[in-house]
Amino acid sequence: RYTCHQECRSLIQLDCRQPGQCQSHLSPESTLLPPCSQNVTQTVEEEKPEPPTIQEIKQRIEKYNAKVTNCLLMKLNDDGTYTGFIKVHLKLRRPVTVPAGIRPQSIYDALKEVNLADMTDKRTSFYLPLDAIKQLHISSTTTVSEVIQGLLKKFMVVDNPQKFALFKEMRKDGQVLFQKLPLTEYPLYLRLLAGPNTDVLSFVLKENETGEWDAFSIPELQNFLMILDKEEKDKIQQVQRKYEKFKQRLQQTLKEARGKPG
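This one's a predicted model, so the numbers in the text were calculated from it and none came from an experiment. Numbers given for residues are sequential positions, taken from 1 along each chain in its written order. pLDDT decides what is reported in this predicted model: residues at 70 or higher carry local features, side-chain atom pairs at 80 or more are listed and counted, and totals for whole chains, interfaces and linings draw on all residues regardless. Hydrogens and water molecules were not included; the side-chain quantities draw on all heavy atoms of the structure.

**Quick notes on the overall build of the protein chain**
Line of reasoning, step 1. A run of H or I in DSSP becomes a helix once it reaches four residues, and a run of E becomes a strand once it reaches two; helices and strands are each numbered from the N terminus. Counting its regular elements, the protein chain contains six helices and eight strands.
Line of reasoning, step 2. Ordering the α and β elements of the protein chain from the N terminus gives α-α-β-β-β-α-β-β-α-β-β-α-β-α.
Line of reasoning, step 3. The buried share among the 262 residues of the protein chain stands at 27%.
Line of reasoning, step 4. Contacts are assigned to residue pairs that have any heavy atoms within 4.5 Å of one another. Once local pairs closer than 6 in sequence are excluded, the contacts in the protein chain between residues at least 24 apart make up 67%.
Line of reasoning, step 5. Residue burial considers only the protein chains on display, and all accessible areas are found by Shrake-Rupley using a 1.4 Å probe. Here the protein chain displays about 19400 Å² of accessible surface, and carbon together with sulfur accounts for 52% of that area. In this scheme, a residue with accessible area under 20% of its type's maximum is buried, one over 50% is exposed, and one in between is partly exposed, where area comes from a 1.4 Å probe on protein chains only.

**Digging into the pairing of strand β7 (residues 175–180)**
Line of reasoning, step 1. For two strands to count as paired, DSSP must find a minimum of two bridges between them. With six bridges connecting them, strand β6 (residues 164–172) and β7 associate as antiparallel partners. Residue pairing in the sheet places glutamate 169 in a bridge with phenylalanine 178 of β7.

**As for the pattern of salt bridges**
Line of reasoning, step 1. Criterion for a salt bridge: a side-chain nitrogen of Lys or Arg within 4 Å of a carboxyl oxygen of Asp or Glu. For the coordinates displayed, the defined rule picks out five salt bridges.
Line of reasoning, step 2. The partner of lysine 163 in a salt bridge is aspartate 159, and the shortest N-O contact between them spans 3.5 Å. Comparing lysine 163 with aspartate 159 shows no difference in burial state: the two are buried.
Line of reasoning, step 3. Where lysine 230 meets aspartate 234, a salt bridge forms, and the shortest distance between an N and an O atom there is 3.2 Å. With lysine 230 and aspartate 234 both in helix α6 (residues 218–258), this residue pair falls four residues apart, about one helical turn.
Line of reasoning, step 4. Taking the relative accessible area as the measure of exposure, lysine 230 reaches 54% and is therefore exposed.
Line of reasoning, step 5. Note on aspartate 234: relative accessible area 30%, which makes it partly exposed.
Line of reasoning, step 6. Members of the salt-bridge network, linked through shared partners, are Lys91, Glu169 and Arg171.

**Side note on the UniProt feature "coiled-coil region" (unreviewed entry) in the protein chain**
Line of reasoning, step 1. Here the UniProt-annotated "coiled-coil region" (unreviewed entry) positions come out as residues 229–256.
Line of reasoning, step 2. Counting secondary structure, residues 229–256 comes out at 100% helix and 0% strand; the distance between its end C-alpha atoms is 41 Å. UniProt positions are given in the numbering used here, feature names are shortened, and annotations may be inferred rather than shown by experiment.

**So, the side chain of threonine 143**
Line of reasoning, step 1. Of note, threonine 143 is situated in the loop between β5 (132–139) and α4 (144–154).
Line of reasoning, step 2. Note on threonine 143: relative accessible area 16%, which makes it buried.
Line of reasoning, step 3. Sequence-distant contacts of threonine 143, defined by excluding residues within four places in its chain, comprise Leu183, Thr184, Glu185, Tyr186 and Pro187.

**Points about the nonpolar core**
Line of reasoning, step 1. We call a set of buried residues a nonpolar core when its members are Ala, Val, Leu, Ile, Met, Phe, Trp, Tyr or Cys and they connect through side-chain atoms within 4.5 Å of each other. Core analysis: the largest hydrophobic core is formed by 30 residues, its most contacted members being Ile86, Val88, Phe164, Leu166, Phe203 and Leu205.
Line of reasoning, step 2. Counting only elements with at least two residues in this core, the list comes to α2 (54–67), β2 (82–90), β3 (96–99), β5, α4, β6, α5 (187–194) and β8 (201–207).
Line of reasoning, step 3. What leucine 205 contacts, discounting residues up to four positions off in sequence, is Val88, His89, Leu90, Lys91, Leu92, Ile148, Leu151, Phe164, Ala165 and Leu166.

**Details of α5**
Line of reasoning, step 1. Within the sequence span of α5, burial applies to Pro187, Leu188, Leu190, Arg191 and Leu192.
Line of reasoning, step 2. As for α5, its buried residues are in contact with α2, β2, β5, α4, β6 and β8.
Line of reasoning, step 3. Glycine 195 lies just past α5 and shows a positive phi near 90 degrees.

**Re the packing of aromatic side chains**
Line of reasoning, step 1. The rule is short: rings of Phe, Tyr and Trp, with Trp giving its six-membered ring, pair when the centres are within 6.5 Å, and they are stacked under 30 degrees, edge-to-face over 60, tilted in between. Summed over all chains, the structure comprises zero aromatic pairs.
Line of reasoning, step 2. For a Lys NZ or an Arg CZ to count as sitting over a ring, it must be within 6 Å of the ring centre and within 35 degrees of the ring normal. If you follow lysine 134 out to its NZ or CZ, it ends over the ring of phenylalanine 155, 5.8 Å from the centre.
Line of reasoning, step 3. Above the ring of phenylalanine 167, the side-chain terminus of lysine 206 is found at 5.2 Å from the ring centroid.

**Looking at unusual backbone geometry**
The phi angle of most residues is negative, glycine excepted, and most peptide bonds adopt the trans form.
Line of reasoning, step 1. Notably, methionine 156 is not glycine yet its phi reads approximately 55 degrees, a positive angle.
Line of reasoning, step 2. Mapped onto the elements, methionine 156 comes out in the loop between α4 and β6.
Line of reasoning, step 3. When its relative accessible area of 18% is taken as the criterion, methionine 156 is described as buried.

**Here's the deal with the confidence of the model for the protein chain**
Line of reasoning, step 1. You can read pLDDT as the predictor saying how much it trusts each residue, on a scale of 0 to 100. Predicted confidence across the protein chain gives a mean pLDDT of 77, with 69% of residues reaching 70 or more.
Line of reasoning, step 2. Note that pLDDT drops below 50 for residues 23–46; the model gives that stretch 23 contacts with residues more than four away or on any other chain.
Line of reasoning, step 3. Predicted confidence for residues 106–112 stays below pLDDT 50, and this span has four contacts to residues more than four positions away or in other chains.

**Observations concerning a nonpolar patch on the surface**
Line of reasoning, step 1. Together, Val239, Tyr243, Phe246 and Leu250 give the surface a local cluster of nonpolar side chains, amounting to about 400 Å² of exposed area.
Line of reasoning, step 2. Here valine 239 is to be found in helix α6. Residues forming no salt bridge and having over 30% relative accessible area are the ones grouped into patches, like charges within 9 Å of each other and nonpolar side chains (Val, Leu, Ile, Met, Phe, Trp, Tyr) within 5 Å.

Below you can see the structure in the form of structure tokens.
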């Protein structure tokens, strides 16, 4: 007569020989979880620190800008918000889906907010350059979710944004640590706290491993298989050409050696 977590079920041990009277036999020592109501899992909200005042933000921005070695400064607005730049490293191991046969986005398209992806239903997939870096100018109110959507829009990626996640990369004691950021986090505030040094903190766009391949549609998965098949055939041809040249050198050497004494 109690409720426990599903993952804890195998750990529960009760010495109960009278199911009809089990309520009287229950004790804290005989169970791993005390009797509880149906609502077992309750979200415990962490105490969030008080938001910084405008004066504190101003001091932090002045300290931040004093360390900047380029022109990528932060600017405080009259309403207490601020703007600045972040760099995002793209470390995607899987191909992305983009419109086929679409020209690159121009400044005119960006100003008019023209979505080139809507101009065609044709799709193709390709791998983005490994560890490419994209610089974004964002506001202190820009969330992680908006940063991901902005990056996908710049590269005209039509994949579901839920397939991607933004991580913060930190270096500590010679180790590289990654931490997935919640969608409601504000990257520019993290940048402000860490300072402009990207060795202390940097942002990385990676695949969201929560859903694995289930988040992709059947046509996308089939397209990925075609790309992998092509890469495999190209690799086989490279190996074959390499050893064919090696074979020709050996045959040429043997032919030259036959005409020599000894």
